[in-house]
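Residues per chain are reported as follows:
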Amino acid sequence: MTHQPKETILLVHYHYPPMRNSGVYRNYFLSHAFAAAGMQVRILTTSNVFRLPAEELPPHPSITIQTIPTFDYRTLASFFSTKKKQGAQFSETTKKGKLVRFFMKMQRSFPFHLLLGEGGLVYIIAGFLAAKKSIRQHNIQKVYTSFMPYADHWIGWLLKKSMPQVQWIADFRDLHAEPIYKNIIWPGLQCRFEKTILRQATLLTAVSDGIASKLRNLHPHVITVTKGVDLRSPKPHYSKFTIAYTGSLFLEYRDPSPLFSALQHLLSTGMIDAQQIQFIYAGKDQQKMAYWVEKYKLEHIAVYAGFVSRNQAMEIQDKSHLNLLLTAATPEHAGLMTGKMFEYLEAGNPILCLIQGSFDAEIENMIKTLNAGYIVYDPPGNGITCEQILSSCYTAWKEDGQISSSVNIAILETDYTWQSRAKKMLDALG
């Protein structure tokens, strides 16, 4: 009896294995979902994986990883860094500098990202040649690349131009031209460039409807494929009533002020006992978080865990009573589904989501459908306030020693598996 050979898919991911950044775990888990579906998975990634602070996440037995020679700013940063695997992770304090902010915008923008951005020309050319060879050797019909960096999409574009029979999925975890963060220069030029590149793609995928709606201006075939979840077993909570934030801050767009203002008032009026509450921060931006903590005189309840591994961050999420989510929205752009939201869903504890800006229908719908927690806006609307949420949750904790979670596990287990995410992509190719 002859066996049908497994189909092979080629994934081009600069960040693989993932750095300590929840946004890039998506590609790791999707690669495993493709493998679990019976596919052979071949991955091309940067040689900088040996220099960057990567998570120790083991690859699936059906996954083959090949590194691509790379010389970019991360390569240079690692040469001059005194810390092992420091890479080029800029703190939010560093990003405040006008020169640094301009450089970051420029290195993300066409044509400068070809020389200054992650990957760069060496990575793009070497990746294209390695991918072309792999496609021919293994009869590969499907290629998946994911932004950021744009270097991965450059490789996909070159492959599609030279091998038009290949089906190319171009994925977006963020927008290249971000209307809220304004993180590029010359937006008009970027739009024309991006439309030219993406015209070659077979399918565009996006992590949210908000991003997908913008991509439809660039390509006719776009679908939303959110992150998946891998539910974790419940763990005993901290002995103190605990609110945790385990992620990055971003310029002025992730601001915990509504929470800290409410905490300051509840503590000063004695409605919450300072001996029975703690706020835990884990992430690379301790200096900026400490500024907010000191502004609201909350040093006595603040705990700083440092820049922790993914497993350590998940343990904090699992043991906390409320997990804080910070994001932003405008009337022109909403649905910024941060990777942190899905980590919090995996923990199963209530989420306190602070949205800076305007109403976000997509996040509202997800939180309410899953019964996953609370949403507060800054500036405040007519809904529930942080003070009301904290008072209610603290009272429940005082009475029962815990806050009962009612996250809709059934929906998560059926609609948000990584296998369903991978299947949706493959089905959309036809």
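A few points on the structure.

### Topic: the overall build of the chain
Right, on to step 1. Looking only at helices and strands, the chain features 17 helices and 13 strands.
Right, on to step 2. On C-alpha atoms alone, the chain measures out to a radius of gyration of 22 Å, which is about the 22 Å that the 2.2 N^0.38 rule sets for 430 residues.
Right, on to step 3. Based on the C-alpha atoms only, the size of the chain along its principal axes is roughly 70 × 55 × 40 Å.
Right, on to step 4. Burial statistics for the chain: of 430 residues in total, 57% are counted as buried.
Right, on to step 5. In the chain, 74% of the contacts between residues at least 6 apart in sequence involve partners at least 24 apart.
Right, on to step 6. Separation between the mean location of the 45 positive side-chain charges and that of the 34 negative ones in the chain comes to 9 Å.

### Notes on the packing of helix α1 (residues 25-36) against helix α17 (residues 418-429)
Right, on to step 1. In contact at an axis separation of 8 Å, α1 and α17 are set at 80° when each is read in the N-to-C sense. Our classification of the angle between α1 and α17 gives roughly perpendicular. On α17, the residues that touch R26, F29, L30, A33, F34 and A36 of α1 are W418, Q419, R421, A422, M425 and L426.
Right, on to step 2. Classifying every residue of the contact of α1 with α17 by side-chain character gives nine nonpolar, one polar and two charged.

### As for the sheet that holds strand β7 (residues 222-224)
Right, on to step 1. Sheet architecture is open: seven strands sit in the order β3-β2-β1-β4-β5-β6-β7, paired in parallel fashion. Of all the strands in the sheet, the pair left with one neighbour each is β3 (63-68) and β7. Pairs of neighbouring strands in the sheet enclose a mean axial angle of 20°, with direction left out of account.
Right, on to step 2. With four bridges joining them, strand β1 (residues 8-12) and strand β4 (residues 142-147) adopt parallel strand pairing. If you follow I9 over to β4, its bridge partner there is K142.
Right, on to step 3. Seen against the sheet, helix α6 (residues 120-138) touches β1, β2 (40-46), β3 and β4 and runs at an angle of roughly 165° to β2.

### Here's the deal with the nonpolar core
Right, on to step 1. Ranked by internal contacts, the top residues of the largest apolar core, which has 55 residues, are I243, L259, F260 and L345.
Right, on to step 2. Setting aside residues up to four positions removed in sequence, I243 forms contacts with L259, L263, I277, Q278, F279, I280, L322, L324 and L390.
Right, on to step 3. The next biggest cluster of nonpolar side chains, apart from the first, holds 41 residues, and it includes V12, W157, A170 and V222.

### Remarks on the pattern of salt bridges
Right, on to step 1. Under the definition given, this model contains twelve salt bridges.
Right, on to step 2. With a shortest N-O distance of 3.2 Å, K340 and E343 are connected by a salt bridge. Taken together, the positions of K340 and E343, both in helix α13 (residues 339-347) and three residues apart, correspond to about one turn of that helix.
Right, on to step 3. Under the relative-accessibility criterion, K340 is labelled buried at 10%.
Right, on to step 4. Close ionic contact of K423 with D427 constitutes a salt bridge, the shortest N to O distance being 2.7 Å. Note that K423 and D427 are positioned in helix α17 at a spacing of four residues, about one turn of the helix.
Right, on to step 5. A residue is classified by how much of its surface remains accessible, and K423, at 53% relative accessible area, is exposed.
Right, on to step 6. Counted as one network, the salt bridges with shared partners bring together R232, K235, R310, D318 and E346.

### Looking at the sheet that holds strand β12 (residues 351-357)
Right, on to step 1. Pairing within the open sheet is parallel, and its six strands lie in the order β10-β9-β8-β11-β12-β13. Looking at which strands have only one partner, the edges of the open sheet turn out to be β10 (302-306) and β13 (373-378). Neighbour to neighbour, the strand axes of the sheet diverge by 25° on average, direction disregarded.

### A short note on the environment of M19
Right, on to step 1. Mapped onto the elements of the fold, M19 is located in the loop between β1 and α1.
Right, on to step 2. Note on M19: relative accessible area 5%, which makes it buried.
Right, on to step 3. As for M19 and T242, which are separated by 223 residues in sequence, their C-alpha atoms are 27 Å apart.

### Overview of the packing of aromatic side chains
Right, on to step 1. What the rule picks out here adds up to 22 aromatic pairs.
Right, on to step 2. Ring centres of F34 and Y144 lie 6.2 Å apart, and the angle between their planes is 70°; on these two criteria the pair is classed as edge-to-face. Residue F34 is located in helix α1, and its partner Y144 is located in strand β4; the two are separated by 110 residues in the primary sequence.
Right, on to step 3. For F34, a relative accessible area of 0% gives the class buried.
Right, on to step 4. Overall, Y144 belongs to the buried group, its relative accessible area being 0%.
Right, on to step 5. In this structure an aromatic cluster arises from ring pairing among F110, F147, Y150, W154, W157, F172 and F193.

### Observations concerning unusual backbone geometry
Most peptide bonds take the trans form, and the phi angle of most residues other than glycine is negative.
Right, on to step 1. The linkage connecting Y16 with the following residue, P17, adopts the cis geometry, with an omega of -5°.
Right, on to step 2. By the secondary structure assignment, P17 is in the loop between β1 and α1.
Right, on to step 3. For the bond running from F147 to M148, omega is 10°, close enough to zero to count as cis.
Right, on to step 4. Despite not being glycine, K297 has its phi angle at roughly 55°, a positive value.
Right, on to step 5. Mapped onto the fold, K297 is located in the loop between α11 (286-295) and β10.
Right, on to step 6. Taking relative accessible area as the criterion, K297 reaches 58% and is therefore assigned exposed.
Right, on to step 7. The backbone phi angle of N371 is positive, close to 50°, even though this residue is not glycine.
Right, on to step 8. As for its position among the elements, N371 is in the loop between α14 (361-369) and β13.

About the criteria used
Residues numbered from 1 in each chain as written. Predicted model: local features only at pLDDT ≥ 70, side-chain atom pairs only at ≥ 80, totals over all residues. Heavy atoms only, no water. Helix = DSSP H or I, 4+ residues; strand = E, 2+ residues; numbered from the N terminus. Rg over C-alpha atoms; globule rule 2.2 N^0.38 Å. Buried < 20%, exposed > 50% of the residue type's maximum accessible area, 1.4 Å probe, protein only. Contact = heavy atoms within 4.5 Å. Lys, Arg positive; Asp, Glu negative; His and termini not counted. Charge placed at Lys NZ, Arg CZ, Asp CG, Glu CD. Axes fitted to C-alpha atoms, helices over the stretch in contact; angles between N-to-C directions. Parallel < 35°, antiparallel > 145°, perpendicular 65-115°, else oblique. Nonpolar A, V, L, I, M, F, W, Y, C, P; charged D, E, K, R; others polar. Pairing = 2+ DSSP bridges. Core = buried A, V, L, I, M, F, W, Y, C linked by side-chain atoms within 4.5 Å. Salt bridge = Lys/Arg side-chain N within 4 Å of Asp/Glu carboxyl O. Phe/Tyr/Trp six-rings, centres within 6.5 Å; stacked < 30°, edge-to-face > 60°.

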